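# Examining the three-dimensional arrangement
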Amino acid sequence: MPDGRNDSLTLKAVASIAAVPADAWDACAGTGNPFVRHAFLSALEDSRSACGEEGWLPRHLVLEDPDGGVLACAPLYVKSHSYGEYVFDWSWANAYSQAGGRYYPKLQCAVPFTPVTGPRLLVRPDAPDPARLREALVGGMVNLAERAGCSSVHVTFPTEAEAETMEGMGLLRRMGVQYHWENPGYGSFDEFLETLSSRKRKDIRKERARAQASGVRLETLTGDAITPRHWDAFHRFYMATSDRKWGNPYLTREFFDLLGQRMGDAVVLVMGFEDDRPVCGALNLRGSDTLYGRNWGSLGDYRYLHFEACYYRALDFAIEHGLTRVEAGAQGEHKIKRGYMPRPTWSAHWIADAGLRQAVERYLGQERAVMQAEIEDLATLAPYKKTGDAAPDSA
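Below is a short write-up of the structure. (Residues numbered from 1 in each chain as written. Predicted model: local features only at pLDDT ≥ 70, side-chain atom pairs only at ≥ 80, totals over all residues. Heavy atoms only, no water.)

## A few points about the overall build of the protein
Counting its regular elements, the protein contains 11 helices and 16 strands. With respect to the principal axes defined by its C-alpha atoms, the protein has extents near 60 × 45 × 45 Å. Within the protein, the fraction of its 395 residues that count as buried is 54%. By sequence separation, contacts in the protein at least 24 residues apart represent 74% of the contacts at least 6 residues apart. For the protein, the computed accessible surface area is about 16800 Å², with 48% contributed by carbon and sulfur atoms. Each charge sign in the protein was given a centre, from 45 positive and 52 negative side chains, and these centres are 5 Å apart. (Helix = DSSP H or I, 4+ residues; strand = E, 2+ residues; numbered from the N terminus. Buried < 20%, exposed > 50% of the residue type's maximum accessible area, 1.4 Å probe, protein only. Contact = heavy atoms within 4.5 Å. Areas by Shrake-Rupley, 256 points an atom, 1.4 Å probe, with all protein chains shown as cover. Lys, Arg positive; Asp, Glu negative; His and termini not counted. Charge placed at Lys NZ, Arg CZ, Asp CG, Glu CD.)

Here you go:
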């Protein structure tokens with residue numbers, strides 16, 4: 001697709017993350033969020049999990065200085081459907097189709113299959129005028145959409161500051177909700193439990209005891225301790241659970257091998273064994289200050305093991321390693337009573353058709369009021385003690 005120019009800078013769209021040197025991309029992405037690292041995005045592409053045949057055609061934006069140095073970049077895809085995004089726009093697509101419009105293709109600035117907040121407008125820290133570079137990336141997305149005949153641009157799970165920037169440029173901002181656990185500096189899991197109401201504290205202890213009594217041994221594995229045998233088992237869990245719940249698994253077996261090879265230092269894998277037979281697992285990735293829960297899978301119905309492996313073992317790991325947050329993924333009001341509190345998430349949207357844009361803008365205004373009220377109501381369900389300095393902020 002044609003390149004664009006911004007003064008002496010060159011903005012181009014590349015057809016593969018491999019077209020950008022890993023060190024140049026990562027100099028913009030930083031080290032805080034593992035999902036925007038070159039290694040993660042390349043694992044998705046090289047494993048054919050995110051590719052044109054699957055409806056995720058890479059068109060990453062790269063902003064270069066006159067010497068060809070990368071100043072900024074953004075993960076970007078041409079989408080032929082709305083699967084794997086976790087910010088749902090099916091109703092928009094249906095309405096536009098019924099009105100005679102063509103919603104697909106669209107542009108998606110996102111990390112495929114990953115509902116995790118993180119930077120999307122990636123700028124090298126030492127680059128001059130970073131605000132202008134972020135605006136150039138957003139302008140480049142819109143320009144590319146217009147040139148390619150795309151109906152819209154969607155930037156999903158950006159940081160709040162990025163969402164505000166894009167709203168200031170005329171994009172529509174949308175609010176969502178997730179459930180995150182925050183660590184003010186607990187010395188142990190028991191210290192965290194002491195901040196909860198008596199009933200909630202007892203409930204969690206009972207759940208952990210039932211998980212331990214199940215006969216399944218849980219191990220938390222990282223780095224070189226994770227072998228192809230573990231990935232073979234976890235892929236079976238992933239496929240079995242995807243088939244039961246969604247029927248559309250996104251990640252190929254090769255993805256997990258590449259993930260372990262390229263960024264095993266960031267992988268935290270909780271595996272469950274009956275004797276020596278792997279039966280369940282929870283995949284997490286570690287950032288600089290946050291543990292991100294990504295996938296759970298099992299070969300059977302392990303009710304309490306799900307809570308133990310996905311939630312409580314994540315808290316154990318975060319406390320032990322001094323991480324300040326655990327993000328447990330999309331959906332799940334049941335997470336609140338386990339200490340995960342509602343937090344807003346964001347997306348930003350540019351829509352070419354004026355009529356569709358006006359309709360979506362009205363809808364988002366109504367939806368946002370509902371979401372704000374929902375977050376406030378959910379916060380009242382916090383399991384923390386109602387009085388005392390030990391209770392974290394639940395606003």
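So, next bit.
## Observations regarding the nonpolar core
Core analysis: the biggest nonpolar cluster contains 45 residues, and Phe40, Trp231, Leu259 and Leu283 have the highest contact counts within it. Residue assignment for this core shows that the elements contributing at least two residues are helix 1 (22-29), helix 2 (38-46), strand 5 (70-74), helix 8 (228-245), helix 9 (253-263), strand 12 (267-274) and strand 13 (277-286). Contacts of Leu283, omitting those with residues within four sequence positions, involve Trp231, Phe234, Phe256, Leu259, Val267, Val268, Leu269, Tyr292, Gly293, Arg294 and Asn295. One finds Ile204, Leu218, Val270 and Ala282 within the second-largest nonpolar core, a separate group that totals 40 residues. (Core = buried A, V, L, I, M, F, W, Y, C linked by side-chain atoms within 4.5 Å.)

## What to know about unusual backbone geometry
A cis geometry characterises the amide bond from Tyr104 onward to Pro105, with omega recorded as 10°. Secondary-structure assignment places Pro105 in the loop between helix 3 (90-98) and strand 7 (106-109). The phi dihedral of Arg48 falls on the positive side, at around 65°, and the residue is not glycine. Turning to its location among the elements, Arg48 is positioned in the loop between helix 2 and strand 3 (56-58). Located in the positive-phi region is Phe113, a residue other than glycine, with phi close to 60°. The topology assignment puts Phe113 in the loop between strand 7 and strand 8 (122-123). Taking relative accessible area as the criterion, Phe113 reaches 6% and is therefore assigned buried.

## Some points on the pairing of strand 14 (residues 290-298)
Within strand 14, 9 of the 9 residues are buried, leaving the element largely enclosed by the surrounding structure. For strand 13 and strand 14, the ladder comprises 7 bridges, and the chain directions are antiparallel. Bridge assignment links Cys280 to a residue of strand 14, and that residue is Ser298. Count of turn residues in the strand 13/strand 14 antiparallel hairpin: 3 residues. Here 3 bridges tie strand 14 to strand 15 (residues 325-327), and the two strands are oriented parallel to one another. Considered in strand 15, the bridge of Tyr292 is made with Glu327. Once the chain exits strand 14 it traverses helix 10 (residues 303-321) before rejoining the sheet at strand 15, and the crossover so formed is right-handed. (Pairing = 2+ DSSP bridges. Right-handed = clockwise from strand over helix to strand, strands pointing away.)

## Comments concerning the sheet that holds strand 14
Read from one edge of the open sheet, 11 strands run 3-6-7-9-16-10-15-14-13-12-11, paired in mixed fashion. Because the sheet does not close on itself, it has two edges, and the strands there are strand 3 and strand 11 (217-222). Averaged over all pairs of adjacent strands, the angle between strand axes in this sheet comes to 30°, irrespective of strand direction. Two strands pair when backbone bridges link them, and strand 11 and strand 12 are joined in this way by 6 bridges, in the antiparallel orientation. Bridge pairing in strand 12 places Thr220 opposite Val270. (Axes fitted to C-alpha atoms, helices over the stretch in contact; angles between N-to-C directions.)

These results come straight from atomic positions and should not be treated as a statement about function.
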